[in-house]
Amino acid sequence: MKKTILLLSTLAALSLALYGCDSKEKATTEKDIVEDAIEDVELPTTSEETTEAEDISEQTVDAERGVVENNTFTNKVFKVSFPINEDWYVCSDKEIAEIIGLTSDTIEESGSMTIEQFEAATAGTVYDCVFYFSDMQSNTNITFTSLDKLAMYATRPVEDYAELTMTQLESMSSPSYTFEDMTHETYGGCEYVCINANTDMGYQQKMLMRKENGYMVCITLTYFPELESEMQSFLDSFTEVN
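These numbers come from a predicted model, not from an experiment.

A. A look at the overall build of the protein chain. A count of helical and extended segments in the protein chain gives six helices and 13 strands. Across the 242 residues in the protein chain, those meeting the buried criterion constitute 51%. For the protein chain, contacts bridging at least 24 residues in sequence account for 57% of all contacts bridging at least 6. Within the structure as shown, the protein chain displays about 11500 Å² of accessible surface, and the carbon and sulfur contribution to it stands at 45%.

As structure tokens, this is what we get:
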């Protein structure tokens with residue numbers, strides 16, 4: 001894989017910045033980040049929350065990782081599908097493991113990782129797909145996390161979870177984040193809560209979040225300002241999954 005200098009990786013469904021595929025340093029463990037963040041926030045229970053909790057308990061679809069076939073990525077369970085351009089670089093499971101700092105004993109001899117292996121190694125987050133665009137710096141990662149790993153956020157609106165993510169990012173000393181207004185945008189027939197962020201490192205991030213089949217699905221784009229129109233074209237290429 002070509003050496004890269006930029007990657008935003010959504011760790012345990014909380015966005016933290018990592019620099020380069022060779023970097024394996026973390027300020028703390030993903031489990032600690034999740035537990036501390038959840039414990040620090042208390043939200044009231046509402047009738048809407050109760051209704052949503054009932055809906056979650058009725059979800060029976062098992063999670064599956066997406067696949068790339070005929071130059072198209074598709075995850076039927078989480079209804080995400082888009083074409084893969086020939087000049088993009090799709091990371092293997094081994095490369096994803098290296099990017100997020102997992103040890104070699106986490107990976108099977110085949111080089112692939114199961115959902116269970118990801119969940120055990122990352123406090124519940126499954127990396128579905130990580131790929132680089134043609135500049136080999138701008139990139140996208142897709143993750144999903146079981147809602148039962150998110151405590152109170154399992155039954156809260158996605159907007160609350162997005163607010164938590166922004167709070168975590170704002171607490172970082174480097175890079176420094178500034179945020180635009182939260183938006184609701186529809187791609188491939190699915191509505192996402194979107195975070196739009198700028199950093200003092202020269203790149204921007206867009207994070208899309210929604211709940212699907214008992215999981216929190218997060219799509220994170222990291223890119224330089226001059227590629228903003230290309231990133232939008234990528235999102236507009238999402239197709240509906242029935």
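B. Fine view of helix α5 (residues 158-170). Here α5 is 13 residues long and its end C-alpha atoms lie 18 Å apart, about the 18 Å a rise of 1.5 Å per residue gives. Looking only at α5, the buried set comprises Val 158, Tyr 161, Ala 162, Leu 164, Thr 165, Met 166, Gln 168 and Leu 169.

C. Here's a closer look at unusual backbone geometry. A cis amide bond links Ser 174 with the next residue in sequence, Pro 175, at an omega value of 0°. Examined against the element boundaries, Pro 175 turns out to sit in the loop between α5 and β9 (177-179). Positioned with a positive phi, Asn 71 is a non-glycine residue whose angle comes to about 60°. Here Asn 71 is to be found in the loop between β3 (67-69) and β4 (72-75).

D. Just the environment of Ile 84, in detail. Position of Ile 84 relative to the elements: it lies in the loop between β5 (80-83) and β6 (89-90). Along the primary structure Ile 84 and Phe 133 are separated by 49 residues, whereas in three dimensions their C-alpha atoms are 9.5 Å apart. With residues near it in sequence (within four places) discarded, Ile 84 still touches Val 68, Asn 71, Thr 72, Phe 73 and Val 90.

E. Layout of the pattern of salt bridges. One pass over the full model with this rule turns up five salt bridges. In this structure, the salt-bridge partner of Arg 156 is Asp 160, at a minimum N-O distance of 2.9 Å. Owing to a relative accessible area of 21%, Asp 160 belongs among the partly exposed residues under this scheme. Among the ionic pairs, Lys 206 bridges to Glu 185, the shortest N-O distance being 3.0 Å. Here the residue Lys 206 occupies a position in strand β12 (residues 204-212), and Glu 185 occupies one in strand β10 (residues 183-187), the gap between them amounting to 21 residues. Several salt bridges converge on common partners, so that one network encompasses Lys 79, Arg 210 and Glu 212.

F. Broad picture of the sheet that holds β3. The three strands are arranged β3-β4-β5 in an open sheet whose pairing can be described as antiparallel. Edge positions in the open sheet fall to β3 and β5, since each of these has one partner strand only. For this sheet, the mean inter-axis angle between neighbouring strands, taken without regard to orientation, is 20°. Here β4 pairs with β5 via four bridges, running antiparallel. Bridge pairing links Thr 74 to Ser 81 in β5.

G. Quick look at the nonpolar core. Among the nonpolar cores identified, the biggest contains 22 residues, and Phe 82, Tyr 192, Phe 234 and Phe 238 are the most heavily contacted of them. Among the elements of the structure, β5, β7 (125-132), β11 (190-199), β13 (215-223) and α6 (228-236) are those that each provide at least two residues to this core. Residue contacts for Phe 82: discarding those within four places in its chain leaves Thr 72, Phe 73, Phe 131, Ile 142, Phe 234, Ser 237 and Phe 238. By size, the runner-up hydrophobic cluster in this structure holds 21 residues, among which are Ile 115, Tyr 127, Phe 144 and Val 217.

H. Up close: the side chain of Gln 205. By the element assignment, Gln 205 lies in strand β12. Overall, Gln 205 belongs to the buried group, its relative accessible area being 1%. In this structure the side chain of Gln 205 is engaged in a polar contact, spanning 2.8 Å, whose partner is the side chain of Tyr 177.

I. Here's a closer look at the environment of Pro 83. Mapped onto the fold, Pro 83 is located in strand β5. Since its relative accessible area comes to 33%, Pro 83 is described here as partly exposed. Distance from Pro 83 to Phe 234, taken between C-alpha atoms, is 8.5 Å for residues 151 residues apart in sequence. In this view, Pro 83 contacts Asn 71, Thr 72, Trp 88 and Ser 237; residues no more than four positions away in its chain are not counted.

J. Molecular detail of the packing of aromatic side chains. A full pass over the atoms with the stated rule returns 18 aromatic pairs. Ring centres of Phe 78 and Phe 144 lie 4.5 Å apart, and the angle between their planes is 35°; this geometry places the pair in the tilted category. Linking Phe 78 in the loop between β4 and β5 with Phe 144 in strand β8 (residues 139-146), this pair joins segments that are 66 residues apart in sequence. Here the two residues Phe 78 and Phe 144 agree in accessibility, since each one is buried. When the ring of Trp 88 is compared with that of Phe 133, the centres are 4.9 Å apart and the planes differ by 75°; the resulting orientation is edge-to-face. Of this pair, Trp 88 sits in the loop between β5 and β6 while Phe 133 sits in the loop between β7 and β8, placing them 45 residues apart in sequence. No difference in accessibility class separates Trp 88 from Phe 133, as the two residues are buried. Each member of the aromatic cluster is reached from another via a ring pair, and the members are Phe 73, Phe 82, Trp 88, Phe 131, Phe 133, Tyr 187, Phe 234 and Phe 238.

What counts and what doesn't
- Residues numbered from 1 in each chain as written.
- Predicted model: local features only at pLDDT ≥ 70, side-chain atom pairs only at ≥ 80, totals over all residues.
- Heavy atoms only, no water.
- Helix = DSSP H or I, 4+ residues; strand = E, 2+ residues; numbered from the N terminus.
- Buried < 20%, exposed > 50% of the residue type's maximum accessible area, 1.4 Å probe, protein only.
- Contact = heavy atoms within 4.5 Å.
- Areas by Shrake-Rupley, 256 points an atom, 1.4 Å probe, with all protein chains shown as cover.
- Expected span 1.5 Å × (residues − 1).
- Salt bridge = Lys/Arg side-chain N within 4 Å of Asp/Glu carboxyl O.
- Pairing = 2+ DSSP bridges.
- Axes fitted to C-alpha atoms, helices over the stretch in contact; angles between N-to-C directions.
- Core = buried A, V, L, I, M, F, W, Y, C linked by side-chain atoms within 4.5 Å.
- Polar contact = N/O pair within 3.5 Å; in protein donor to acceptor, adjacent residues only side chain to side chain.
- Phe/Tyr/Trp six-rings, centres within 6.5 Å; stacked < 30°, edge-to-face > 60°.

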